[in-house]
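Remarks on the overall topology
Residues per chain are reported as follows:
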Amino acid sequence: MSNPFGTVPPAAILEGDATDAYFERTRATLEHAEKNPHVVAEVTADQFPTGNFDVFTGVKDVATLFEGRDVDVDALPDGQLFDGGPVLRIEGSYLAFAELETSLLGFLSQPSGFATAALEARLAAPDSLVLSFGARHVHPSIASTVERASLLAGLDGFSHVAAGEILDREAGGTMPHALMFCFGEGNQADAWTAFDEAVDEDVPRIALVDTFWDEKSESLLAAETLGDDLDGVRIDTTGSRRGDFRHIIREVRWELDARGREDVDIFCSGGIDPDSIRALRDVADGFGVGSHITGADSVDFSLDIVEIEGEPISKRGKLSGVKDVYRTPAGGHHVALADGDGPDGGDSLLEPLVRDGEIVRQFDLEDATERCLEDASAVGFDGSTA
């Protein structure tokens, strides 16, 4: 089978077949009428700044989408935060890109939502280890999109092996409950010992300690079993059994410390979100975040023509004319007409992405992460609101 999982193939995306049907009918109508105006179109989520910032990403895929098309594209840098105005601008004949709108918006909307949620988690515990554990909640074909968005927002790692191969990063993780079940209740020490003997030395020895007995008992058994080789314990207690989760973690910490095991870290997973991270960051050392990232709302981008044959135009409720956006010295997001003046001391954010169908920008994930975290500080994004 050439397409066993029924996913839309890359060729269909690049050729413009991954589109809404009305764009095909629009092309047929315009070609019949011999109309193909020169336009400027902009991608926006909000027309005016709202004060609620999101992270912009997905732009690398957009560049690939437009490569070879006779258009010019400008966009915010990967990882930039925004709260209104255009994030991307396209100029060219309309039929050079009409059917790409559906894929374009998809490349931006969902990854930007993932990255914004990951940034919330990152900033909830800036000094803690925070990993992305959410790939199991999305279609496998976009796992690398989730993990890249998480890394861009500053998370320390992720769990998905194939995504790691795509991103040239090592996936992390230790053991699931299934491993503990295979050894059976009462044989937890055997499971941890076998893991220690089988797995590469550079993999942290983090024992899962909530499978059969209470977390304190299994944590102490793990410490006794693995001795100095034990790096940490992971508590993934089901929500219905947690009670006071903070108290459970503090109790485990106390009992480990009482036996001289201050070196054993406590890692929490299972339903972790920014609120729970803030509540636990002083008693836990690390967190695995899943559905908070993968369940994030997509950013509701839309594409609109704002100029046609040199004249400003817009639908009702949208703003006509070509625009620029700026980061002000005070950390604000300012929208202005492109032929006007920007704010004093403001930095224009839209940068060339594609010129005459050629990609003119380099993409570096580390640079995007640095930009994201610095811009979050500049605009006052603290992870509690988005």
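Owing to the predicted nature of the structure, the values given are computational and were not obtained by experimental measurement. (Residues numbered from 1 in each chain as written. Predicted model: local features only at pLDDT ≥ 70, side-chain atom pairs only at ≥ 80, totals over all residues. Heavy atoms only, no water.)

Here's the deal with the sheet that holds strand β9 (residues 232-235)
Here is the rule we go by: By the convention used here, strands pair only if DSSP detects at least 2 bridges between them. Only DSSP runs of H or I covering at least 4 residues are called helices, and only runs of E covering at least 2 are called strands; the numbering of each starts at the N terminus.
The parallel open sheet is built from six strands, whose spatial order is β7-β6-β11-β10-β9-β8. Strands at the two margins of the open sheet, each flanked by one partner only, are β7 (157-158) and β8 (206-208). Here β8 runs beside β9; their pairing, made up of three bridges, is parallel. Bridge pairing in β9 places Ala207 opposite Val233.

A short note on the packing of helix α4 (residues 101-124) against helix α5 (residues 143-152)
A pair of packed helices can be characterised by two numbers: the angle between their axes and the separation between those axes. In plain terms, the rule: A fitted line through C-alpha atoms serves as each axis, taken over the contacting stretch for helices, and the angle formed by two N-to-C directions is quoted from 0 to 180°. In this scheme, roughly parallel covers angles under 35 degrees and roughly antiparallel covers those over 145, while 65 to 115 is roughly perpendicular and the rest are oblique. Helix crossings are classified by the rotation of the near helix relative to the far one: an anticlockwise turn of less than a right angle makes the crossing left-handed, while a clockwise turn makes it right-handed. Contacts: residue pairs with any heavy atoms within 4.5 Å of one another. Three categories are distinguished: nonpolar for Ala, Val, Leu, Ile, Met, Phe, Trp, Tyr, Cys and Pro, charged for Asp, Glu, Lys and Arg, and polar for the others, with Gly belonging to the last.
Remark: α4 packs on α5, axes separated minimally by 8 Å, with the N-to-C direction vectors making an angle of 45°. Relative to α5, α4 is oriented oblique. As for the relative orientation of α4 and α5, their crossing is right-handed in sense. Taking contact as the criterion, the partners of Pro111, Phe114, Ala115 and Ala118 in α4 are, on α5, Thr145, Val146, Ala149, Ser150 and Leu152. Per-class residue counts for the contact of α4 with α5 are seven nonpolar, two polar and no charged.

Some remarks on the side chain of Arg89
Applicable threshold: Three exposure classes are used, based on accessible area relative to the maximum for each residue type with a 1.4 Å probe and protein chains only: buried under 20%, partly exposed in between, and exposed over 50%. Polar contact criterion, stated in full: a pair of N or O atoms within 3.5 Å, where within protein one must be able to donate a hydrogen and the other to accept it, and residues adjacent in sequence count only if both atoms are side-chain atoms.
By the element assignment, Arg89 lies in strand β5 (residues 86-93). Taking the relative accessible area as the measure of exposure, Arg89 reaches 14% and is therefore buried. Of note is the side chain of Arg89, whose polar atom sits 2.5 Å from the backbone oxygen of Lys323. Setting aside chain neighbours within four positions, we find Arg89 in contact with Val40, Ala41, Glu42, Asp72, Val73, Asp74, Val322, Lys323, Asp324 and Leu350.

Regarding the sheet that holds strand β15 (residues 333-337)
Read from one edge of the open sheet, three strands run β15-β14-β16, paired in antiparallel fashion. A strand with exactly one partner marks an edge of an open sheet, and here the two such strands are β15 and β16 (347-348). Bridging between strand β14 (residues 323-327) and β16 involves two bridges; their strand directions are antiparallel. Bridged to Tyr326 within β16 is Ser348.

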